[in-house]
Protein chains: 2
Amino acid sequence: MSLDGFIAGPNGRPGNPLGDGGLAIHQWVFPLASFRELMGMAGGDINRDDEIVRAVFARAGAYVMGRRMFEEGEVGWPSNPPFRAPVFVLTHHRREPWAREGGTTFFFVTDGIDAALEGAREAAGGKDVRISGGANTVQQFLRAGVVDELTIHLAPVLLGTGVKAFDDLGPQHAALERLGVIDSPRVTHLSYRVTRKS
Amino acid sequence: MSLDGFIAGPNGRPGNPLGDGGLAIHQWVFPLASFRELMGMAGGDINRDDEIVRAVFARAGAYVMGRRMFEEGEVGWPSNPPFRAPVFVLTHHRREPWAREGGTTFFFVTDGIDAALEGAREAAGGKDVRISGGANTVQQFLRAGVVDELTIHLAPVLLGTGVKAFDDLGPQHAALERLGVIDSPRVTHLSYRVTRKS
């Protein structure tokens, strides 16, 4: 997220998944060894940011994402996508599960966020369910009061326009308890427990 | 600022300067010895948050604020207001300078932000000019490209609605360089240098 609350620039679409200017928010992640490895590439930086990205992916036993994030990602992910776990995609279009290399299978859920969460919980095998995004999907789960933790990677940029991470969730939405703040020159990693939901 | 980007709740006005629910964003500051001292009260917590608040005020040789912040604050500040320095208030209403106890004099500037900044720079005697707020005033100075540093105190709360710190500044607004991240259980202090302005 940029300091002014954006997770992507405007005009996001397949082929431009970060939106115009959105690279400035996410560029810290691309050189990391963990990210490169997840994308099927060798090499990369090994540092604290790298450890954190590795840990974030390692905790998740299943993922939930919105249709647009899936469609924007689909064209860029390698044949072995970075999830290595079941991914539940919220959509209105029925589609058979799509098994990819490396353990990632996309399941398409047409009956709402509760069903997606239930499927992901069962599939996660005791590990975390991670709501990958996009922003609209995260906001739906926050509004439903089912989010236990928030992980934010705060990038040092004022993007000025684009897709808001939180938008207006509604009055007095949630108290948080800070779990950890880890700082690096390129990004600040913030994690919180949600202590009062919706 | 709340994690979702608000600096006050909705319905802010004199008597309700933080807006509905806005206390959740600012409550970390009230128990601090430095804040209590600035408000003319004895006692209070002495900790890292306290040191930071003390340092933020100590750096400033003059302040600029918007009319609404002045009007909301005026009813709550003691006869010795917390600034102890010249304060330049942006307004459309001419008014004679108002000298208070302890070194705070409010100057009312009717010819725009450039004039306010020029007056504050001269008055600051080589120290910093601090743009106190509110959000709209900070945004005007950010858009004008004259902000050198940003200091954000990030509170662990999703407020859900209210007054946005940054709002939409415009595309590709500014790159930042992280100066420091200092964490405490109640708030995360973030400071940035603005490296590419407007």
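1. Regarding the sheet that holds strand E7 (residues 149-154) of chain B
- An order of E8(A)-E10(B)-E11(B)-E7(B) is seen for the four strands of this open sheet, with the pairing classed as antiparallel. Two strands close off the open sheet at either side, each with one partner strand: strand E8 (157-158) of chain A together with E7 of chain B.

2. Description of helix H3 (residues 48-59) of chain B
Residue and element names in this part refer to chain B.
- Given a rise of 1.5 Å per residue, 12 residues ought to cover 16 Å, and the 17 Å separating the end C-alpha atoms of H3 matches this to within 8%.
- Taken together, the buried positions of H3 are Asp-49, Asp-50, Ile-52 and Val-53. What you see down the axis of H3 is that its buried residues fit within an arc of 165 degrees, all on one side. Facing away from the buried surface of H3 by more than 90 degrees, the exposed residues are Arg-48, Ala-55 and Ala-58.
- Contact partners of the buried residues in H3: helix H2 (33-38), strand E10 (174-183) and strand E11 (188-196).

3. Some remarks on the sheet that holds strand E8 (residues 157-158) of chain B
- Taken in spatial order, the four strands line up as E7(A)-E11(A)-E10(A)-E8(B) in an open sheet, and their pairing is antiparallel. Single-partner strands in this sheet number two, and they are strand E7 (149-154) of chain A together with E8 of chain B.
- The sheet contact formed by strand E10 (residues 174-183) of chain A and strand E11 (residues 188-196) of chain A spans eight bridges and is antiparallel. Paired with Asp-183 of chain A across the bridge in E11 of chain A is Thr-188 of chain A.

4. A few points about the relation of the copies chain B and chain A
- Rotating chain B by 180 degrees and translating it 0.0 Å along the rotation axis places it on chain A, where the RMSD comes to 0.0 Å. In symmetry terms, the pair is related by a two-fold rotation axis. Taking C-alpha positions as the reference, the residue of chain B nearest the rotation axis is Gly-5 of chain B, at 3.2 Å.
- When the interface residues of chain B are mapped onto chain A, 100% of them are again interface residues, pointing to one common binding face.

5. Section: the interface of chain B and chain A
- Facing the 28 residues of chain B at the interface are 28 residues of chain A.
- Put simply, the parts of the chain that give the side of chain B that touches chain A at least two residues each are E8, E10 and E11 of chain B.
- Per-element tally for the side of chain B that touches chain A: the top contributor is E10 of chain B, with seven residues.
- Grouping the amino acids of the side of chain B that touches chain A by side-chain chemistry returns 15 nonpolar, eight polar and five charged.

6. Remarks on the pairing of strand E2 (residues 60-66) of chain A
Residues and elements named next belong to chain A.
- Most of E2 sits inside the fold, with six of its seven residues counted as buried.
- Two elements, E2 and strand E6 (residues 128-133), share five bridges in a ladder whose sense is parallel. Each bridged residue has a counterpart across the sheet, and for Val-64 the counterpart in E6 is Ile-131.
- Where E2 lies against strand E3 (residues 86-90), four bridges are found, and the strand directions are parallel. Bridging from a neighbouring strand, Gly-66 pairs with Leu-90 of E3.
- Remark: the E2/helix H4 (residues 67-74)/E3 crossover connection has right-handed handedness.

Definitions and limits used
Residues numbered from 1 in each chain as written. Chains lettered and ligands numbered in written order. Predicted model: local features only at pLDDT ≥ 70, side-chain atom pairs only at ≥ 80, totals over all residues. Pairing = 2+ DSSP bridges. Helix = DSSP H or I, 4+ residues; strand = E, 2+ residues; numbered from the N terminus. Expected span 1.5 Å × (residues − 1). Buried ≥ 20, exposed ≤ 12 C-beta atoms within 10 Å, placed from the backbone. Arc of directions from axis to C-beta. Contact = placed C-beta atoms within 7 Å. Least-squares fit on C-alpha atoms with pLDDT ≥ 70 in both. Nonpolar A, V, L, I, M, F, W, Y, C, P; charged D, E, K, R; others polar. Right-handed = clockwise from strand over helix to strand, strands pointing away.

Honestly, it's all geometry; don't read function into it.
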